[in-house]
Amino acid sequence: MMDRREFVRELLVDRGDLLVVPGLGSATYDVAAAGDHPLNFYLWGAMGGTVMIGLGLALARPDRRVVAMPGDGDMLMGLGSLATIGVKQPKNLVIVVLDNAHYGETGMQPSHTYAGIDFAALALACRFKHARTVARLAEAADVRALLHSGDGPILVNAKIDAEDVPRVLPLRDGHAIKQRFIEALNSA
Amino acid sequence: MHSPPTIEHSWPDAIHAQFRRIGIRQVGYVPDAGHSRLITLCKDDPQIADVVLTTEEEGVGLVAGAALGGQRAALLMQSSGVGNCINMFSLLRNCGFGCVILVTMRGEFGEFNPWQVPMGSITEDGLRLAGFLTYRIESPDDVDDIVGAGCDMAFDGNLQVAILLSQRLIGRKQWTK
């Protein structure tokens, strides 16, 4: 198991021109804690929709690398999206599930992954090019390499500690988050 | 075997032509009899990425992602699919993502299946409550004009627009068995 903040910080070191879509709740706080960036599309809602936002973005910008980063509850709510992504086979899309096996925002109730439901196996069944589970911080560098150059679609299930960490709250105004992202992408 | 074009075939072609005019580049859909010709036109169009969804709700995220990447997207769904999207529609309204949804209506004119009626009868009100502008089309003659106007409003103003294609326009569902 990994410290979620350390893991996400490691993934986003030298992020270059990665486009990052973190899911609502702790994933958004983790990505903000790693350093605010205009090419983060922070979600404060849309539970279950994170990886589909990643797909729309990946299809629109095949020249860029897209990382969708849902929590386990968010991914569970949009499991069908794995099949949809498997049909489209976007080469530039990587999903990193921040899996603490609990619903952190609602009082740390255990999620389906606590009972052993396996996202990496589901992704492979959905024709992802590559899927794996990581549980050690030493593997973060390998995952970072996948974000930048792996042949997608890729899913990495990251087993992180179910500890409560301080919230780091980024922009919350949806129009502002969107506008900042689009302007940064257009100026790059 | 292709049958010759008929008046019934012309309205999906008019919608597709409007998609081309406004620059729609992604179309999300769940397979649907009423939208079948439009889906085929979109699949055959190299300018459009067609994305077949497991549930209509996925399409809302797709629209948002496309817009972040600078592309316009449209969704095709049945009235029942609108109910699958309600909470996710918050994403479009919260961030001001322009969106056009073409809704084939069930549960109204000549509906054979009563299980379609509860959702079909609240589809337009539900869309309005979720922040959509809604337009309803009863006649094939109005398709080009209304879809064109709806697309312009959606993408000139980052608004959420739903165009309801009435069951009378689409034709009664044919039950062969």
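Residues numbered from 1 in each chain as written. Chains lettered and ligands numbered in written order. Predicted model: local features only at pLDDT ≥ 70, side-chain atom pairs only at ≥ 80, totals over all residues. Heavy atoms only, no water.

This paragraph deals with the pattern of salt bridges. All names here are of chain B. Tallied over the entire structure, the rule returns 16 salt bridges over all chains. One salt bridge connects aspartate 152 with arginine 21, and the closest N-O pair in it is separated by 3.2 Å. Here aspartate 152, found in helix α8 (residues 143–157), pairs with arginine 21, found in helix α1 (residues 7–22); they are 131 residues apart in sequence, far enough to count as distant. A salt bridge links aspartate 50 to lysine 43; the nearest nitrogen and oxygen atoms lie 3.7 Å apart. (Salt bridge = Lys/Arg side-chain N within 4 Å of Asp/Glu carboxyl O. Helix = DSSP H or I, 4+ residues; strand = E, 2+ residues; numbered from the N terminus.)

Further remarks concern a negative patch on the surface. Residues and elements named next belong to chain B. Together, Asp141, Asp142, Asp144 and Asp145 make up a region of like negative charge exposed at the surface. Residue position: aspartate 144 is located in helix α8. For aspartate 144, a relative accessible area of 41% corresponds to the partly exposed category. (Patch = residues over 30% accessible without salt bridge, like charges linked within 9 Å, V, L, I, M, F, W, Y side chains within 5 Å. Areas by Shrake-Rupley, 256 points an atom, 1.4 Å probe, with all protein chains shown as cover. Lys, Arg positive; Asp, Glu negative; His and termini not counted. Charge placed at Lys NZ, Arg CZ, Asp CG, Glu CD. Buried < 20%, exposed > 50% of the residue type's maximum accessible area, 1.4 Å probe, protein only.)

Residue and element names in this part refer to chain A. If you trace the backbone, leucine 146 turns up in helix α7 (residues 140–149). In this structure leucine 146 comes out as buried when scored by relative accessible area, which is 13%. As a C-alpha pair, leucine 146 and histidine 130 span 16 residues in sequence and 9.6 Å in three-dimensional space. Not counting residues up to four positions away in its chain, the partners in contact with leucine 146 are Arg65, Val94, His130, Arg132, Ile154 and Val156. (Contact = heavy atoms within 4.5 Å.)

Turning our attention to the sheet that holds strand β6 (residues 130–134) of chain A. All names here are of chain A. The five strands are arranged β1-β2-β3-β7-β6 in an open sheet whose pairing can be described as parallel. For this open sheet the edge positions go to β1 (19–22) and β6, each flanked by a neighbour on one side alone. Strand-to-strand, the axes of this sheet are offset by a mean angle of 15°, without reference to chain direction. Bridge count for β6 against strand β7 (residues 154–159) is five bridges, and the pairing is parallel. Looking across to β7, one finds that alanine 131 is bridged to leucine 155. Sheet strands touched by helix α1 (residues 4–11): β2 (66–69), β3 (93–99), β6 and β7. Its angle to β3, the strand with the most contacts, is close to 165°. (Pairing = 2+ DSSP bridges. Axes fitted to C-alpha atoms, helices over the stretch in contact; angles between N-to-C directions.)

Residues and elements named next belong to chain A. Where α1 meets helix α2 (residues 26–33), the axes come as close as 9 Å, and the angle between the chain directions of the two elements is 60°. With respect to each other, α1 and α2 are oriented oblique. Where α1 crosses over α2, the two elements pack in a sense that is right-handed. For the pair α1 and α2, contact is made by Arg4, Arg5 and Val8 and by Ser26, Ala27, Tyr29, Asp30, Val31 and Ala33, respectively. Per-class residue counts for the contact of α1 with α2 are five nonpolar, one polar and three charged. (Parallel < 35°, antiparallel > 145°, perpendicular 65-115°, else oblique. Left-handed = near helix turned anticlockwise from the far one by under 90°. Nonpolar A, V, L, I, M, F, W, Y, C, P; charged D, E, K, R; others polar.)

Let us look at the confidence of the model for chain B. When pLDDT is low, close inspection of the predicted coordinates is not appropriate. For chain B, per-residue confidence averages 93 on the pLDDT scale, and residues scoring 70 or more make up 92% of the total. The complex prediction reports pTM at 0.96, with the ipTM value standing at 0.97. (pLDDT = per-residue confidence, 0-100.)

Residues and elements named next belong to chain A. Each neighbour pair has its own omega, and for glycine 152 with proline 153 the value is 0°, a cis peptide bond. Located in the positive-phi region is methionine 108, a residue other than glycine, with phi close to 60°. On the secondary structure map, methionine 108 appears in the loop between β4 (102–103) and β5 (109–110). With relative accessibility at 28%, the residue methionine 108 sits in the partly exposed group.

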